[in-house]
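So the chains spell out like this:
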Amino acid sequence: MKIVKKALLAIGLIIVLYLVLGFFSMFIPMTELIHASSAQDYAQQTGTTNLFFPASASNISYAWSSVGMGGRAHILKFNASIEDCKTFARQRFNHYAKQLYDNPTNFPAAEIVPLVGLPEDPRPRLRKDYGLKKLEWFDYQNMTNGLTLSQPISHIPTVWIDIDRSALYEYWTD
């Protein structure tokens, strides 16, 4: 009888420990950072045959984080022609809009407009809340001539296109 009680106590302690560790692990960021020279290099590093970035993209940097119940975030930058940057921005907008709207006719337009003033730097929040480190490559604050997506709804990525440096910057959190 004593052996059964000890076994049940041990099993109970293991279950409690498992639950406590599971609870705390929901708040530990899982992160990934990829630097790639081209869209093909990025596809190879991520193990896909599908090009996520435009074929002309170069100097790609992509960081991703998941904090369990705390949310998800991603941030990216690449260089490409301005037209490829605009096309990519519209595709990203439409991708997220489709997730938010049941009826495609309700999609807002993916309008690219001149950037008027730079918004607050998201990197401190991404470091603190999402555990994303080493984001010095996300140097959007050096833009002097840019474009952005108008954002009529939330949960659409923030996108900036640096016209002078032919670069696209994107960040998104949920």
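Residues numbered from 1 in each chain as written. Predicted model: local features only at pLDDT ≥ 70, side-chain atom pairs only at ≥ 80, totals over all residues. Heavy atoms only, no water.

Draft legend 1. Main features of the overall build of the chain. Looking only at helices and strands, one finds four helices and seven strands in the chain. Along the chain, helices and strands appear, N-terminal first, in the series α-β-α-β-β-α-β-α-β-β-β. For the chain, whose C-alpha radius of gyration is 21 Å, the value lies well above the compact-globule estimate of 16 Å for 174 residues. Each of the 174 residues in the chain was classed as buried or not, and the buried ones make up 39%. When contacts within the chain are restricted to residue pairs at least 6 apart in sequence, those whose partners lie at least 24 apart make up 55%. Summed over all atoms, the accessible surface of the chain reaches about 10400 Å², with 59% contributed by carbon and sulfur. Here the chain contributes 16 positive and 15 negative side-chain charges, whose respective centroids are spaced 15 Å apart. (Helix = DSSP H or I, 4+ residues; strand = E, 2+ residues; numbered from the N terminus. Rg over C-alpha atoms; globule rule 2.2 N^0.38 Å. Buried < 20%, exposed > 50% of the residue type's maximum accessible area, 1.4 Å probe, protein only. Contact = heavy atoms within 4.5 Å. Areas by Shrake-Rupley, 256 points an atom, 1.4 Å probe, with all protein chains shown as cover. Lys, Arg positive; Asp, Glu negative; His and termini not counted. Charge placed at Lys NZ, Arg CZ, Asp CG, Glu CD.)

Draft legend 2. Structural detail: the environment of Tyr130. Within the secondary structure layout, Tyr130 lies in helix H4 (residues 123-130). Judged by its relative accessible area of 2%, Tyr130 falls in the buried class. Sequence spacing of Tyr130 and Val67 is 63 residues, and the spatial spacing of their C-alpha atoms is 6.5 Å. If sequence neighbours within four positions are ignored, Tyr130 has contacts with Pro29, Thr31, Ser65, Val67, Gly70, Gly71, Arg72, Ala73, Arg125, Thr173 and Asp174.

Draft legend 3. Structural detail: a nonpolar patch on the surface. A cluster of nonpolar side chains, Val4, Leu8, Ile11 and Ile15, forms an exposed patch at the surface whose accessible area comes to about 380 Å². Within the secondary structure, Ile15 sits in helix H1 (residues 2-25). Residue class for Ile15 comes out partly exposed when judged on its relative accessible area of 47%. (Patch = residues over 30% accessible without salt bridge, like charges linked within 9 Å, V, L, I, M, F, W, Y side chains within 5 Å. Salt bridge = Lys/Arg side-chain N within 4 Å of Asp/Glu carboxyl O.)

Draft legend 4. Focus on helix H3 (residues 82-100). Counted at 1.5 Å a residue, the expected span for H3 with its 19 residues is 27 Å, and the 27 Å between its end C-alpha atoms agrees. Burial in H3 covers these residues: Ile82, Cys85, Lys86, Phe88, Ala89, Arg92, Phe93, Tyr96 and Ala97. Looking straight down H3, one finds that the buried residues subtend no more than 165° of arc, so they occupy a single side. Elements that come into contact with the buried residues of H3 comprise strand E3 (72-79), strand E4 (112-114), strand E5 (146-149), strand E6 (158-162) and strand E7 (167-173). (Expected span 1.5 Å × (residues − 1). Arc of directions from axis to C-beta.)

Draft legend 5. Broad picture of helix H2 (residues 39-46). Regarding H2, the residues found buried are Ala39, Tyr42 and Ala43. Seen along its axis, H2 keeps its buried residues to an arc of 100°; they face one direction. Where H2 is buried, its residues contact strand E1 (30-38) and strand E2 (58-66). Positive backbone phi, at 75°, marks Gly47, one or two positions downstream of H2.

Draft legend 6. Structural context of the nonpolar core. Phe53, Phe78, Ile161 and Leu168 are the most contacted members of the largest nonpolar core, which totals 27 residues. Counting residues per element, the ones that place at least two in this core are E1, H2, E2, E3, H3, E5, E6 and E7. Among the elements that line this core, the one with the most residues is H3, at seven residues. Those residues in contact with Phe53, other than ones at most four positions away along the chain, are Ala39, Tyr42, Ile60, Tyr62, Leu76, Phe78 and Phe88. One finds Ala73, Tyr140, Trp160 and Ala167 within the second-largest nonpolar core, a separate group that totals 16 residues. (Core = buried A, V, L, I, M, F, W, Y, C linked by side-chain atoms within 4.5 Å.)

Draft legend 7. A look at the sheet that holds E7. Judged by pairing direction, the sheet is antiparallel, and its seven strands sit side by side in the order E1-E2-E3-E7-E6-E5-E4 without closing on themselves. On the outer flanks of this sheet lie E1 and E4, each paired with one strand and no other. With strand direction ignored, the average angle separating the axes of adjacent strands in the sheet is 15°. Sheet topology places E3 next to E7; seven bridges connect them, and they run antiparallel. What sits directly across from Ala73, in E7, is Thr173. Set on the sheet, H3 makes contact with E3, E4, E5, E6 and E7; between it and E7 the angle comes to about 15°. Contacts from H4 reach E1, E2, E3 and E7 within the one sheet, and its direction differs from that of E3 by about 140°. (Pairing = 2+ DSSP bridges. Axes fitted to C-alpha atoms, helices over the stretch in contact; angles between N-to-C directions.)

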